[in-house]
Amino acid sequence: MQFIDLHMHSIHSDGTDTPAELVELALEKGLIAMALTDHDTVDGVAEAIAAAEGRPIEVIPGVEISCEYVIPPQAGMPSRKKEVHILGYGMDITNAELLEKLKFACDERDNRNKKMAANFQQAGYDMISYEKLKERFGNVTIARPHFARLLMEAGVIPSIESAFEHGGLLANDSPLYVFRTYLTPEQGIKAITGAGGKAVLAHPMMYKMSVSEIHRLLETLTGFGLTGIEAIYSRNKGTDESYIRKLAHDYDLFITGGTDYHGRNKPDLEVGWGEGNLRVPAMLLSNLR
């Protein structure tokens, strides 16, 4: 059987490998196709495609757009906001509207980074500043794992993962955390489909929604043009995959899968070989044609 990986990140967002290095890793694993899905940017896609030229692997243009979904009030519970991620595949990465929306997302993320870096400085974490982040990581989409890496290298935290746990320095409940302005799911999906791509809901079980909430989410997103859902995923547990496959059937969605590889920022994952001996069969490529 042949395998693929449709979810991975490079140094252009919060991964630690270059796009060309990801292609080499995928070839070493014997994958026949991969998608580079950096957060809110397609800057690394051309490099990955060039690295695969003339070699036995296909690179599918991809992206992972962070969006803010408002969960409607129900059963006496107030509405609340939830960050959801929309994967895009096969888009024209030169499409002006797509690039405009991604620039907005990156600019908002950058503004958040500056404010959060200032919070760390004021709290006495001198190893964190916006200038040090840019100097250390270069012209990439800075994200919280970059903050975590500087903290870990300075011995402040034992691991990158620990910074995101409840009460951690980079967790959503940390007093140092800064919320940012997001694209809406409708904007994210239409940016992808408007550029000729297919929109897929990433890792649905990671949002920790109730059954009724996930159904409401899918009803909303399919109305905007969502056509796929990520069913095979490294962090799935127990019956998660079978549950997502049923959701795919109920909402007439195709399924995709990927490791969510981030290099050293998620050291338990390998390209094409996710947690729990995860493999993504190549037959899923037909869903992206």
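Now for a description of the structure that goes with this document. (Residues numbered from 1 in each chain as written. Predicted model: local features only at pLDDT ≥ 70, side-chain atom pairs only at ≥ 80, totals over all residues. Heavy atoms only, no water.)

Turning our attention to the nonpolar core. One finds Ile86, Leu201 and Leu226 to be the most contacted residues of the largest nonpolar core, which totals 66 residues. Counting residues per element, this core draws most heavily on strand S3 (residues 58-71), which supplies seven residues. (Core = buried A, V, L, I, M, F, W, Y, C linked by side-chain atoms within 4.5 Å. Buried < 20%, exposed > 50% of the residue type's maximum accessible area, 1.4 Å probe, protein only. Helix = DSSP H or I, 4+ residues; strand = E, 2+ residues; numbered from the N terminus.)

What follows covers the layout of surface pockets. Quantified by volume, the largest pocket comes out at close to 1500 Å³. Along the walls of the largest pocket sit 39 residues, with His85, Arg144, Phe164, Asn172 and Met206 positioned nearest its centre. Breaking the lining of the largest pocket down by element, the ones donating at least two residues are S3, strand S4 (80-89), helix H3 (96-122) and helix H5 (144-153). Of all the elements, S4 adds the most residues to the lining of the largest pocket, at four residues. Lining the second largest pocket we find 18 residues, and of these Thr41, Asp43, Cys106, Val140 and Thr141 sit closest to its centre. (1 Å grid on protein atoms, 1.4 Å probe; cavity = no way out; pocket = protein on both sides within 12 Å on 5 of 7 lines; lining within 4 Å. Points joined across faces, edges and corners; volume = space filled by probe spheres on them.)

This part is about the sheet that holds strand S6 (residues 228-233). Across a sheet, strands are paired by hydrogen bonds formed along the backbone, either parallel or antiparallel in direction. Spatially, eight strands are ordered S7-S6-S5-S4-S3-S2-S1-S8 in an open sheet, and the strand pairing comes out mixed. Taken across any chain shown, the strands that pair with only one partner, and hence form the sheet edges, are strand S7 (254-258) and strand S8 (280-281). Relative to S4, S3 runs antiparallel, the two being bridged by 10 bridges. Its bridge partner being in S4, cysteine 67 is matched across the sheet by valine 84. Packed onto the sheet, helix H2 (residues 45-52) meets strand S2 (33-36) and S3 and runs at close to 155° relative to S3. (Pairing = 2+ DSSP bridges. Contact = heavy atoms within 4.5 Å. Axes fitted to C-alpha atoms, helices over the stretch in contact; angles between N-to-C directions.)

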